[in-house]
Amino acid sequence: MNVIGAFVPQLVKSAGERGVADLINTSSIAARNIFPNFAVYSGTKAYVTYLSRHLRTEPGPKRVRVSAIEPGIVGAELQSHVTDAGALAWLDGSKDTMDCLTPQDIARTIGFLASLPPRVNLQQVTITPTGQTG
């Protein structure tokens, strides 16, 4: 929230000068799907998804596109911060059954969102590894 609050005035100014600006928030598929042992994480990501949805009504009319990207499992350092045994077991098991997304996959998707014509706003994008079912 603090980062969004700090940048929205600059985004509105940029949109006025260039015709469009982008605010792309990173959420997670955990915002919509149920994962045991991930309640707090899922709740925070649901907040990001719904905050993004509501923000579209404020800077959106000022030509600031607001999007939420909702990735599935990404092979990144974030997993090293997980302390719940059940969540760790699920993450370890996932690595054996699928190729996780990479940070580069997420960056390319964000680049795609920001490169769309000014008239187009993909409000939410869900990106998962091909093998991820939930």
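Here the residue numbering is sequential within each chain, running from 1 through the sequence in written order. Where totals are concerned, whole chains, interfaces and linings use all residues; where local detail is concerned, this predicted model gives features only for residues with pLDDT of at least 70, and gives and counts side-chain atom pairs only at 80 or more. Calculation of side-chain values draws on the structure's entire complement of heavy atoms; hydrogens and water are dropped beforehand.

This part covers the overall build of the chain. By definition, any uninterrupted DSSP run of H or I lasting at least four residues is a helix, any uninterrupted run of E lasting at least two residues is a strand, and each is numbered from the N terminus. Each helix and strand in the chain was counted, giving four helices and three strands. Between buried and exposed lies partly exposed: a residue is buried under 20% and exposed over 50% of the maximum accessible area for its type, with that area taken using a 1.4 Å probe on protein chains only. Every one of the 134 residues in the chain was classed for burial, and the buried ones make up 36%. In what follows, residue pairs with any heavy atoms lying within 4.5 Å of each other are defined as contacts. Across the chain, the fraction of contacts at a sequence separation of at least 24, relative to all contacts at a separation of at least 6, is 71%. Carbon and sulfur atoms form 59% of the exposed surface of the chain, whose accessible area is close to 8,000 Å². Only the protein chains shown count as cover for residues, with accessible areas throughout obtained via the Shrake-Rupley method and a probe of 1.4 Å.

Nonpolar core, defined: a set of buried Ala, Val, Leu, Ile, Met, Phe, Trp, Tyr and Cys residues in which side-chain atoms within 4.5 Å join the residues together. Core analysis: the largest hydrophobic core is formed by eight residues, namely Ile4, Leu11, Ala15, Ala21, Leu23, Leu55, Val64 and Val66. Per-element tally for this core: the top contributor is helix H1 (residues 2-18), with three residues. Among residues more than four places away in sequence, those in contact with valine 66 are Leu23, Asn25, Ser52, Leu55, Arg56, Pro59, Asn121 and Gln123.

The description of an aromatic ring pair rests on the distance of the ring centres and on the angle between the ring planes. Pairing of aromatic side chains requires ring centres within 6.5 Å, counting the rings of Phe and Tyr and the six-membered ring of Trp. Pairs whose planes differ by under 30 degrees are stacked, by over 60 edge-to-face, and all others tilted. Scanning all chains against the criterion turns up one aromatic pair. With 6.4 Å between their ring centres and 70° between their planes, phenylalanine 38 and tyrosine 41 make a pair best called edge-to-face.

As a further point, take helix H4 (residues 103-115). Across its 13 residues, H4 extends 18 Å between first and last C-alpha, which sits within 8% of the 18 Å expected from 1.5 Å per residue. Among the residues making up H4, those that are buried are Ile106, Thr109 and Leu113. Across the axial projection of H4, the buried residues extend over an arc of 65°, all falling on one side. Facing away from the buried side of H4 by more than 90 degrees, the exposed set consists of Gln104, Arg108 and Ser115. Helix span, expected: 1.5 Å multiplied by one less than the number of residues in the helix. The arc in question is the one traced by the directions running from the helix axis out to the C-beta atoms.

Honestly, that's just the spatial picture; any functional story needs more than this.
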